[in-house]
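Here is what each chain is made of, one letter per residue.
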Amino acid sequence: MKFYTFLILIGLIQTTWTKEAKETKKNHTTFVATHEWQEIEEGQGIPQGLHVRINLQTGKKEAKLLDESQEEYDKDNEHIQRAVHKDGALSILPDDNGGNEDEDGDSNGKAKKKIKHLDEAFKRIGIGYDPEEGGTKAKREFRSYEELKKTFEGMRKAFKSDAEIIIQFIEEFRNATKESKDADARIKIQTQILESFNYLMSQYDNALLFVEQGGLDHVILPTLVNVSYTHVGLKVEAMRVLGAMSQNNPKVQIKVYERNVGSHLTQILMTSTRTEELSTALYAFSSLLRKFPHAQQRILSTSGTQALVSVLSKDCDLKIKAKAATLISDIVLEKELVLSKSTVDDDPLAAAQYAELSFPEWLQANSYCETMDALVTSNLYDFLEAPDILEYFIHSLANTKSFCSLLWSQSPQLRHVLLTLRNRYSQSEDEYRLEISQLVNKLIDQLYPETVRHDEF
C-alpha cells in the first residue's frame with residue numbers, strides 16, 4: 001500500500017515539473033512580430049526595431065513591425081526606438097547599430113554620422129579631424145614660418161596704398177583719353193575713376209598727393225576746359241573731386257587758384273542752366289573761396305561776383321539759388337568776422353587782406369539787391385511750401401541788409417511777402433515753422449522799424 005502511494009507522488013511531481021518547464025519555455029520564446037499588434041507575454045524578449053505600445057484598454061504591452069514609411073522616417077531622423085524592460089518600465093534602447101548612448105544622449109550611430117559631418121566641415125576650413133580620438137580632438141595643420149612668410153608677402157603684393165592707387169588712377173585716366181576710340185567706354189572708365197577720386201580726396205594728404213602727381217593738369221582741367229570733348233557727367237564728377245580736395249585744405253586751394261581754375265568755374269556758373277552742373281560748380285567755387293581772401297579779391301573783383309548774382313536770376317531750381325545766396329552772405333559775414341577787433345589782433349595779415357576786399361560794393365554794382373528783391377517777391381507760394389529753403393534766404397537777407405536795406409525798406413512788394421510769410425507760418429502748429437516765423441519777424445523789425453504792420457495774406 002505504501003509502495004503505490006509513493007509511485008503516485010512521483011507521478012504528480014513529474015507532471016508538475018513538465019508543466020512548469022513548458023510554461024518556462026513558452027515564456028522565454030522570442031517574440032515573433034508581424035505587422036499587426038500582438039500582446040507581449042510577461043518576461044518575453046522582443047527583437048530590436050519594433051514599434052512598442054501599451055494598450056490603454058487592457059493595460060498589456062503590444063508590439064508590431066514598423067511600417068515602411070515609419071521605418072524610412074526613423075532612419076532619416078535617427079529616431080531613438082522605445083522598448084520595454086523586463087520590469088515593464090519604458091526606456092530608451094540602443095539603435096540598430098547596437099551602440100550605447102553617450103553623455104549627450106547620442107548613440108554611437110549618431111556619433112559616427114556627426115564625426116563624418118565634422119570631418120567634412122574641418123576639411124573646408126583647413127583643419128584635420130581625427131575620429132580615432134573619439135571625436136574630441138582636432139588636428140590642426142600648422143604651417144612653417146617660411147610658408148607663412150611667403151603667404152604674407154603674397155598678400156602684401158595684393159594690397160596697395162592710397163598713394164599707389166592715386167598714381168595708377170591718374171595714369172589710367174590719361175590712357176583712356178588717349179587710347180579709347182569708343183566714347184561711351186571712355187566716359188564709363190573715366191567716370192568710375194573720378195568717383196574713386198572723390199572718395200580718396202576727403203583725406204588731406206591724398207589731396208596734396210593728387211596735385212603733386214599732376215591730377216589738376218591731367219584730370220581736372222582737361223575735363224573742365226575741353227567743352228567739345230567733355231561729357232556733362234564727367235564735368236560734374238570732376239567738380240565734385242575739385243570741391244572735395246579744396247575744402248578746408250589751404251595748400252590745395254593755393255594750387256587750384258594758381259591753375260586759374262576759378263575762372264573756369266565762373267564761366268560754368270554764368271553759362272550753364274543744368275541743375276546738377278550748377279550745384280557742383282557752386283560747391284567747388286565755395287571750397288576754393290572760403291577763408292582765402294586773396295582768391296576772393298582776384299576772382300570776385302572780376303567776373304566772380306557777376307557769376308554768383310547771375311545764378312539768382314537763372315531759370316533753375318530754387319535750391320540752387322539758395323546755395324548761391326548762402327555763399328554770397330557767408331563771404332560777407334566772413335569778412336565782418338575777421339575784421340572784428342578780437343580777430344584783427346589774432347591775425348593782422350588776414351585782417352589786412354579782408355580790409356581790401358570790396359565785396360559789398362561789387363554786389364551792389366552787379367544789382368544784387370534788386371535781384372534778391374525780385375527773387376523773394378516772385379516765389380511767395382514756393383516759400384510757403386518750403387520752410388527749409390526760406391530759412392536760407394532769410395539768413396541771406398539778414399546778412400546783407402547792411403548795404404541793401406535802403407532799397408528793400410522801400411519795396412512794398414518785399415514787405416507784403418515778408419508779412420504774409422510771417423503770418424502764415426505763425427499760425428502753424430509745427431515747431432520748425434514757428435521758428436521760421438520768428439526769423440521773418442525779426443527781419444521785418446530791422447527793415448521796417450517804424451511801420452505799423454497788420455496781418456496780410
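Since we're looking at a predicted model, the values are computed, not measured. (Residues numbered from 1 in each chain as written. Predicted model: local features only at pLDDT ≥ 70, side-chain atom pairs only at ≥ 80, totals over all residues. Heavy atoms only, no water.)

Student: Please provide a residue-by-residue account of the overall build of the protein chain, values included.
Tutor: Regarding its fold elements, the protein chain presents 22 helices and 7 strands. With 457 residues in all, the protein chain has 38% of them scored as buried. Here the analysis covers contacts within the protein chain between residues at least 6 apart in sequence; of these, 62% occur between residues at least 24 apart. With an accessible surface of roughly 27,900 Å², the protein chain has 52% of that area assigned to carbon and sulfur atoms. (Helix = DSSP H or I, 4+ residues; strand = E, 2+ residues; numbered from the N terminus. Buried < 20%, exposed > 50% of the residue type's maximum accessible area, 1.4 Å probe, protein only. Contact = heavy atoms within 4.5 Å. Areas by Shrake-Rupley, 256 points an atom, 1.4 Å probe, with all protein chains shown as cover.)

Student: Account for the sheet that holds strand E2 (residues 50-54), with residues named and values stated.
Tutor: In sheet architecture, strand pairing relies on hydrogen bonds along the backbone and comes in two forms, parallel and antiparallel. With antiparallel pairing, 3 strands are arranged side by side in an open sheet as E1-E3-E2. Each edge of the open sheet carries a strand with a single partner, namely strand E1 (38-39) and E2. Bridge count for E1 against strand E3 (residues 61-65) is 2 bridges, and the pairing is antiparallel. Each residue of the ladder has a partner; that of Gln38, found in E3, is Ala63. (Pairing = 2+ DSSP bridges.)

Student: Residue-level account of the packing of helix H7 (residues 204-212) against helix H10 (residues 250-258), with values.
Tutor: A pair of packed helices can be characterised by two numbers: the angle between their axes and the separation between those axes. One can describe the packing of H7 onto H10 by two numbers: an axis separation of 9 Å at closest approach and a directional angle of 25 degrees. As far as their axial angle goes, H10 and H7 are roughly parallel. Here H7 and H10 pass one another in a crossing that is left-handed. Two secondary-structure elements touch here, H7 through Tyr204, Ala207, Leu208 and Val211 and H10 through Pro250, Lys251, Val252 and Lys255. A breakdown of the residues in the contact of H7 with H10 according to their chemical character gives 6 nonpolar, no polar and 2 charged. (Axes fitted to C-alpha atoms, helices over the stretch in contact; angles between N-to-C directions. Parallel < 35°, antiparallel > 145°, perpendicular 65-115°, else oblique. Left-handed = near helix turned anticlockwise from the far one by under 90°. Nonpolar A, V, L, I, M, F, W, Y, C, P; charged D, E, K, R; others polar.)

Student: Provide a residue-level description of the pattern of salt bridges, including the pertinent values.
Tutor: Applying the stated criterion to the full structure yields 7 salt bridges. Lys235 serves as the salt-bridge partner of Glu277, at 3.5 Å between the closest nitrogen and oxygen. Here Glu277, found in helix H12 (residues 275-289), pairs with Lys235, found in helix H9 (residues 232-246); they are 42 residues apart in sequence, far enough to count as distant. Pair check on accessibility: Glu277 and Lys235 agree, each one buried. Across the pair Asp330 and Arg290 runs a salt bridge, and its minimum N-O distance is 3.1 Å. (Salt bridge = Lys/Arg side-chain N within 4 Å of Asp/Glu carboxyl O.)

Student: Please provide a residue-by-residue account of the state of the cysteines, values included.
Tutor: Considering all chains together, one arrives at 1 disulfide under this definition. Between the sulfur atoms of Cys369 and its disulfide mate Cys404 the distance is 1.8 Å. The sign of the -70 degrees torsion about the S-S bond sets the Cys369-Cys404 disulfide as left-handed. Remark: Cys404 occurs in helix H20 (residues 387-408) and Cys369 occurs in helix H18 (residues 368-377); sequence separation between them is 35 residues. Assigned by exposure class, Cys369 and Cys404 land together as buried. (Disulfide = S-S within 2.5 Å.)

Student: A description of the packing of aromatic side chains should follow, citing residues and the corresponding values.
Tutor: Aromatic rings considered in pairs are described by the distance between their centres and by the relative angle of their planes. Going through the model one piece at a time under the given rule, you end up with 5 aromatic pairs. Through pairs of rings, three or more aromatic residues link up here, namely Phe169, Phe197 and Phe210. Over the aromatic face of Trp37 sits the side chain of Arg53, whose NZ or CZ is 4.0 Å from the ring centroid. (Phe/Tyr/Trp six-rings, centres within 6.5 Å; stacked < 30°, edge-to-face > 60°. Lys NZ or Arg CZ within 6 Å of the ring centre and 35° of its normal.)

Student: Account for the pairing of E3, with residues named and values stated.
Tutor: Two strands pair when backbone bridges link them, and E2 and E3 are joined in this way by 5 bridges, in the antiparallel orientation. Paired with Val52 across the strands is Ala63, a residue of E3. Hairpin geometry of E2 and E3 is characterised by an intervening segment of 6 residues between the two adjacent antiparallel strands and by a positive phi of about 80 degrees at Gly59.

Student: Any details on the nonpolar core? Residues and values, ideally.
Tutor: In terms of nonpolar packing, the biggest core is built from 97 residues, with Phe197, Met201, Leu242, Met245 and Tyr368 touching the most fellow members. If you tally residues by element for this core, the top one is helix H14 (residues 318-338), at 10 residues. Two domains each donate at least three residues to this core, and these are domain 1 (152-259) and domain 2 (369-456). By size, the runner-up hydrophobic cluster in this structure holds 6 residues, among which are Ile40, Leu50, Val52 and Ala63. (Core = buried A, V, L, I, M, F, W, Y, C linked by side-chain atoms within 4.5 Å. Domains from an automatic or database assignment.)

Student: Just give me the short version of the side chain of Ser286, but keep the residues and values in it.
Tutor: Mapped onto the fold, Ser286 is located in helix H12. Here the side chain of Ser286 touches Arg290 through a polar contact of 2.6 Å, side chain to side chain. (Polar contact = N/O pair within 3.5 Å; in protein donor to acceptor, adjacent residues only side chain to side chain.)

Student: Any chance you could break down H7 for me, citing the residues and the numbers?
Tutor: Working note: α-helix, 3.6 residues per turn, so residues spaced by three or four point in the same direction. Asn206, Ala207, Leu208, Leu209, Phe210 and Val211 are the residues of H7 that are buried. Looking one or two residues past H7, Gly214 carries a phi angle of roughly 90 degrees, positive in sign.

Student: Pulling in residues and values, what's your account of the environment of Tyr425?
Tutor: Among the structural elements, Tyr425 can be located in helix H21 (residues 412-426). Of the residues examined, Tyr425 reaches a relative accessible area of 2% and is grouped as buried. Taking the C-alpha atoms as reference, Tyr425 lies 8.8 Å from Gln438; in sequence the two are 13 residues apart. Sequence-distant contacts of Tyr425, that is, excluding residues within four places in its chain, are made with Phe383, Leu384, Glu385, Ala386, Pro387, Leu390, Arg433, Leu434, Ile436 and Ser437.

Student: Give a description of the confidence of the model for the protein chain that names residues and reports values.
Tutor: Low-confidence regions, as indicated by low pLDDT, have predicted coordinates that should not be scrutinised in detail. For the protein chain, mean pLDDT is 80; residues scoring 70 or higher make up 71% of the total. Averaged over each element, pLDDT in the protein chain is lowest for strand E5 (residues 90-92) (37) and highest for H18 (97). Low confidence marks residues 76-103, where pLDDT is under 50. Its contacts with residues over four positions away, or in another chain, come to 47 contacts. For the stretch residues 452-457, pLDDT sits under 50, and the model shows 23 contacts to residues farther than four places along the chain or on other chains. (pLDDT = per-residue confidence, 0-100.)

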